[in-house]
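Letter by letter, the chains look like this.
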Amino acid sequence: MQYFVNVILPIALEKLFTYALTEAEALFLKPGMRVAVPFGKSKIYTGLVHEVHQTPPTVYEAKEIHQILDEKPLVNEIQLKHWQWIADYYMCTIGEVFRSALPSAFLLESETLILKNKNATVDEGDLKDDEFLVYEALLHQSVLKVHEVSAIVDRKNVLPILNRLLDKGIIHLKEEIYEQYKPKLVRYVQLGAAYREEAQLEELLNSLTRAPKQSQVVLSLFQLQATTKKQIKVADLEEASGGSKAVIKSLIEKGILEEYHIQTDRVNYDGSDDESVFKNLNEHQQAALKDIVQNFDNKKVTLLHGVTSSGKTEVYVQLIDECLRSGKQALYLLPEIALTTQLISRLQEYFGEKISVYHSKYTVQERVEVWNNIVAKKHKAQLVIGARSSLFLPFSELGFIIVDEEHEGSFKQFDPAPRYHARDAAIVLGNLHGANIVLGSATPSVETYKNAQLGKYGYANITRRFGDVLMPEIELVDIKEEARKRRMKGHFSERLLEEITAALDLGEQIILFQNRRGYAPILECTTCGHSPQCPNCDVSLTYHQYKKQLRCHYCSHHMALPESCQVCGSPTLDTKGFGTEQVEKEIEALFPAAKVWRMDLDTTRGKHGYEKIITAFEQQEMDILVGTQMLTKGLDFRNVGLVGIMNADSLLNFPDYRAHERCFQLLTQVSGRAGRTKKRGKVIVQTYNPYHQILKQVSTNDYKGMFKEQLYEREQYKYPPANKIIKITFKHKEYNRLNEASEWFAQALRNALGGNVLGPEYPPVARIRNQYLKHVIVKIDHGTSLHRIKFGIRRIEKSFNAVALYRSVRVIYNVDHI
Ligand code: ADP
Ligand code: ZN
Ligand code: ZN
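Just so you know, these numbers come straight off a predicted model, no measurement behind them.

Glancing now at the coordination of the zinc ion (ligand 2). Bound to the zinc ion (ligand 2) on the protein side are Cys525 (SG), Cys528 (SG), Cys565 (SG) and Cys568 (SG), at distances that span 2.3 to 2.4 Å. Between the four donor atoms coordinating the zinc ion (ligand 2), the angles at the centre fall across 105 to 113°, so the site counts as tetrahedral. Counting along the primary sequence, the residues that act as donors to the zinc ion (ligand 2) give the motif C-x2-C-x36-C-x2-C.

Written as structure tokens, this is what we have:
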């Protein structure tokens, strides 16, 4: 009898690979266990067992597996089903899902591997182009092989680049990563065996009279043991005794103290885990909770639509509690940026050590621990709070999923594959588990609200803020008019300045929002009109005053600020548009006594940069915070009296079918940071178009009006949710080849699918890092089989790849592109 195993490999292969097994291996292996397998001439990959069977492959001879890596499955059957759904729906391979689902420490491979140094703080501006490419790839991929680096930078000899990155401390090299995960051991101490009786201890202390430091350490240990029943960590003893490491070490060497180790997790949340701290819901929260539970009885995904600060989190808390009591696991999904210590500590008060957190700022080691704890169904992993990748964790009995801020675009993975939408993938996962699902938002996405209207989703609503605080008062200020009357100081209208002065007088904090970082997006010569462009991308360079540089926000390119125009030589360089840096500078000059901070990508690069600013703001160490959309996400500040939107127009003018919806969401969310306690907050929106429909809807809090109008437009132009769309991106560094290839593909699509094919067209930034881009959009009418369309596209891709000239053009699918 022959035995075989089908294995998922962590690469973009269409088919599973088959390997040969011995009978003993075949009896031992179960789906979801890892095996090391040979691949190609010399590679070894970590594969995942999909099934064990007895049918030999027909077109190749099955090789034997190398090694079995697990004793028990690391991945369960529900996960495998979920991954398959993701691969089918989002048009990628299950291998690609596998690769991004597992913490990289689980994916050992032979060959020299290049890993990102997680501790490095990287200033992208200091990297050369090729260095940046490697660095960027490591942000997506966590491990690269030498030949992959070659492909990325498009040259054979990559050692110089790797050496430079090593010098800068940005990467590590490894021969293999069999042992990438090391359990963390904590050092403990106790008295040596010979001194545990009282008489012996006294003798010891007497003998130490001439060594006061040592005797102090021994006494402290004695005291700690008497007062806490727990075991004593070396670190705690150090602190309690004031003794140095050296003193403790010498006591250990003498056998007076004994050292031992216990394996612990790197991250532990302890907390009260105390029911009495639960807040009593008010009537509106209770009504919403009741509606949600009723919908659960009917097996429905439910939208919780609650205005900002209505207390949605407290409703979730009740539902989580219910789920945990039933002995099941709960998952709380958030956009990465909303995962703040603020929220975590709030939940910790309720659920104590049952919480695990999982997101991209975690190290590989920390992620492995969370994964293992969930496999082992440990107590501490009952509630997982995480960003989109936590969907891939090995839950075995998920009872409840919350997708908070469900409207957030960042739930959609953009690059690399799988390009999944975490909200939608969460619903599929929830259904596989039979779990209850809540989508929460103050500004639901048009598709979710439509689903609720159709009765496909249940609906629960909270229209009042907690404590009956009024919604902030939103005032639109016409800056065209203000400029005409010469009432602008820099980018500030008189109205905004009045309100800032008033808020500062009252000791309230202020948020100023501008959705652009840097000082000015464009530097322009007033003589000849030239503005410096990035040589690698088709965009103007952004002026960063602080560094006196021009920088490209799409690639690493930067240059010193020129003193005169590079084209005509005149010194008449002026800025156009403005970013957060300029707002900060102006406000500092206008209110020299106020403490001003800035929060954007430039000020939050380090691991804790973002947290630090939020904490400082919370503790009122500053008066004014200037920032980009980082400011919007679910933060609960107590003392913000005023929010100023510096320029709403830049949000309205995006060339994107979703721009107006996004603008509504963003402005409503930022405004929602104002006046969350007692006093009504104030919002000033500066704009050139005060009569714009969307701004009116924001100012009157008219979600339904926005929804109706947007839905109508989407239906007119066949965009989601009226139609489904698949965006196909073509990428190549030769302009002509890209044009020809994308045209060929689009024509083939039109032949097969008829009129619902748009493009190929250049996106607004048509070249990034020297690669030209073109998009084709396929719109799929309601009622047409998505499956059939995808199949058709795949078939066209096969013929496309058969044309030698086109083969090097990258084709990227983005299903439900947003
Ligand atoms: P949302 O998530 O809807 O924006 P939050 O859940 O952050 O709102 O609630 C806003 C504020 O009101 C928080 O500070 C929260 O602690 C408080 N809050 C909400 N519900 C209650 C309640 N039932 N009892 C006491 N305080 C509450
Ligand atoms: Zn010029
Ligand atoms: Zn560039």
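Moving on, we come to the pattern of salt bridges. Applying the stated criterion to the full structure yields 37 salt bridges. Between Arg164 and Glu131 there is a salt bridge; the shortest N-O distance is 2.4 Å. With Arg164 in helix α6 (residues 159-167) and Glu131 in helix α4 (residues 129-141), this residue pair connects regions lying 33 residues apart in the sequence. Relative accessible area serves as the criterion here: at 24%, Arg164 is assigned to the partly exposed category. For Arg187, the salt bridge goes to Glu259, with nearest N and O atoms at 2.4 Å. Taken together, the residues span a long stretch of sequence, with Arg187 in strand β10 (residues 184-191) and Glu259 in strand β12 (residues 257-264) at a distance of 72 residues. According to the relative accessible area criterion, Arg187 is partly exposed, its value standing at 37%.

This paragraph deals with unusual backbone geometry. The residue after Ala417, namely Pro418, is reached through a cis peptide bond having omega 0°. Considering the arrangement of structural elements, one finds Pro418 in the loop between β17 (398-404) and α15 (422-433). Between Pro720 and Pro721 the backbone carries a cis peptide bond, its omega angle lying at 5°. Residue placement: Pro721 occurs in the loop between α24 (703-717) and β31 (724-732).

We now examine the sheet that holds strand β23 (residues 542-544). Strand order across the open sheet formed by three strands is β23-β24-β25, with antiparallel pairing between neighbours. Two strands in the sheet have a free side with no partner beyond their single neighbour: β23 and β25 (558-560). Strand-to-strand, the axes of this sheet are offset by a mean angle of 25°, without reference to chain direction. Pairing between strand β24 (residues 549-551) and β25: three bridges, direction antiparallel. Looking at β25, one finds that Arg551 is bridged to His558.

Quick look at the sheet that holds strand β15 (residues 355-358) now. The strand order β15-β16-β14-β17-β18-β13-β19 describes an open sheet built from seven strands, whose pairing is parallel. One side of each edge strand has no neighbouring strand; the edge strands of this open sheet are β15 and β19 (458-462). Adjacent strand axes in the sheet meet at a mean angle of 20° when their direction is disregarded. Bridging between strand β13 (residues 302-306) and β19 involves five bridges; their strand directions are parallel. Each bridged residue has a counterpart across the sheet, and for Gly306 the counterpart in β19 is Ile462.

Glancing now at the pairing of strand β30 (residues 682-687). Most of β30 sits out of view: six of its six residues are buried. The alternating pattern of β30 places Lys682, Ile684 and Gln686 on one face and Val683, Val685 and Thr687 on the opposite face, and all of these are buried. Pairing of strand β20 (residues 473-478) with β30 involves six bridges; the strand directions are parallel. By the bridge assignment, Glu473 is partnered in β30 with Lys682. Where strand β29 (residues 640-645) lies against β30, four bridges are found, and the strand directions are parallel. Within β30, the residue paired with Val643 across the bridge is Val683.

Around ligand 1 sit 17 residues in total, of which Asn280, Gln285, Ser309, Arg346 and Asp636 are the nearest. Between ligand 1 and the protein, one listed contact pairs an oxygen atom with a side-chain N or O atom of Lys312 at 2.9 Å. Between an oxygen atom of ligand 1 and a side-chain N or O atom of Thr313, the distance comes to 3.0 Å. Within the complex, 84% of the 560 Å² of free accessible area of ligand 1 lies under protein. Of the residues contributing to the shell around ligand 1, the split by class is three nonpolar, seven polar and seven charged. Viewed by domain, the shell around ligand 1 spans two of them, domain 4 (275-468) and domain 5 (473-519 + 578-712), each represented by three or more residues.

The subject of this paragraph is the UniProt feature "binding site: Zn(2+) 2" (unreviewed entry) in the protein chain. Per the UniProt record, "binding site: Zn(2+) 2" (unreviewed entry) is annotated on Cys534, Cys537, Cys552 and Cys555. Their sequence span is 22 residues, while the largest C-alpha to C-alpha distance among them is just 8.6 Å; these annotated residues converge on one region. Its place among the elements puts Cys534 in the loop between β22 (522-525) and β23. Residue contacts for Cys534: discarding those within four places in its chain leaves Val539, Leu541, Cys552, Cys555, His557 and Arg767. In this structure, Cys552 sits in the loop between β24 and β25. Discounting residues that sit within four places of it in the chain, Cys552 has contacts with Cys534, Cys537, Val539, Leu541 and His557.

Before going further, it helps to spend a moment on the domain arrangement of the protein chain. For the protein chain, the assigned domains read domain 1 (3-78 + 87-108), domain 2 (110-178), domain 3 (193-255), domain 4 (275-468), domain 5 (473-519 + 578-712) and domain 6 (723-815). Computed from C-alpha atoms alone, the centre-to-centre distance between domain 1 and domain 4 is 32 Å. Facing the 17 residues of domain 1 at the interface are 20 residues of domain 4. Note on domain 1 versus domain 4: buried area summed over both sides is about 1500 Å², and carbon and sulfur give 69% of it.

The subject of this paragraph is α15. Across its 12 residues, α15 extends 16 Å between first and last C-alpha, which sits within 8% of the 16 Å expected from 1.5 Å per residue. For α15, the tally of buried residues reaches 10 of 12 residues, placing the bulk of the element in the interior. Burial in α15 covers these residues: Ala422, Arg423, Asp424, Ala425, Ala426, Ile427, Val428, Leu429, Gly430 and His433. For α15, the elements touching its buried residues are α2 (77-89), β14 (329-333), β17, β18 (436-441) and α16 (446-453). Looking one or two places after α15, you find Gly434, whose phi comes out positive at around 65°.

Another point: the side chain of Gln79. Mapped onto the fold, Gln79 is located in helix α2. With relative accessibility at 4%, the residue Gln79 sits in the buried group. Discounting chain neighbours no more than four positions away, the residues touching Gln79 are Leu74, Trp371, Phe392, Leu393 and Pro394.

Another point: the pairing of β17. The side chains of a regular strand alternate, residue by residue, between the two faces of the sheet. Burial of β17 is extensive: seven of the seven residues sit out of reach of the surface. Direction of pairing for β14 relative to β17: parallel, over a ladder of five bridges. Counted as the bridge partner of Leu331 is Ile401 from β17. Alignment of β17 against β18, held across five bridges, turns out to be parallel. From the neighbouring strand, Val403 faces β18, where its bridge partner is Leu439.

Below, the discussion takes up the packing of helix α25 (residues 735-753) against helix α26 (residues 786-802). It is at 10 Å that the axes of α25 and α26 come closest, and there the two elements cross at 140°. As far as their axial angle goes, α26 and α25 are oblique. Here α25 and α26 pass one another in a crossing that is right-handed. The segment α25 lies against α26, with Ala741, Trp744, Phe745, Ala748, Leu749, Ala752 and Leu753 engaging Ile789, Ile793, Ile796, Glu797, Ser799 and Phe800. Along the lines of polarity and charge, the residues of the contact of α25 with α26 split into 11 nonpolar, one polar and one charged.

What counts as what
- Residues numbered from 1 in each chain as written.
- Chains lettered and ligands numbered in written order.
- Predicted model: local features only at pLDDT ≥ 70, side-chain atom pairs only at ≥ 80, totals over all residues.
- Heavy atoms only, no water.
- Donors = N, O, S within 2.8 Å, 3.2 Å for Na, K, Ca; no water.
- Tetrahedral: all angles 85-135°; square planar, octahedral: opposite > 155°, others 65-115°.
- Salt bridge = Lys/Arg side-chain N within 4 Å of Asp/Glu carboxyl O.
- Helix = DSSP H or I, 4+ residues; strand = E, 2+ residues; numbered from the N terminus.
- Buried < 20%, exposed > 50% of the residue type's maximum accessible area, 1.4 Å probe, protein only.
- Pairing = 2+ DSSP bridges.
- Axes fitted to C-alpha atoms, helices over the stretch in contact; angles between N-to-C directions.
- Near = heavy atom within 4 Å.
- Polar contact = N/O pair within 3.5 Å; in protein donor to acceptor, adjacent residues only side chain to side chain.
- Areas by Shrake-Rupley, 256 points an atom, 1.4 Å probe, with all protein chains shown as cover.
- Nonpolar A, V, L, I, M, F, W, Y, C, P; charged D, E, K, R; others polar.
- Domains from an automatic or database assignment.
- UniProt positions renumbered as here; feature names shortened; annotations may be inferred.
- Contact = heavy atoms within 4.5 Å.
- Buried area = accessible area lost by both parts, 1.4 Å probe.
- Expected span 1.5 Å × (residues − 1).
- Parallel < 35°, antiparallel > 145°, perpendicular 65-115°, else oblique.
- Left-handed = near helix turned anticlockwise from the far one by under 90°.

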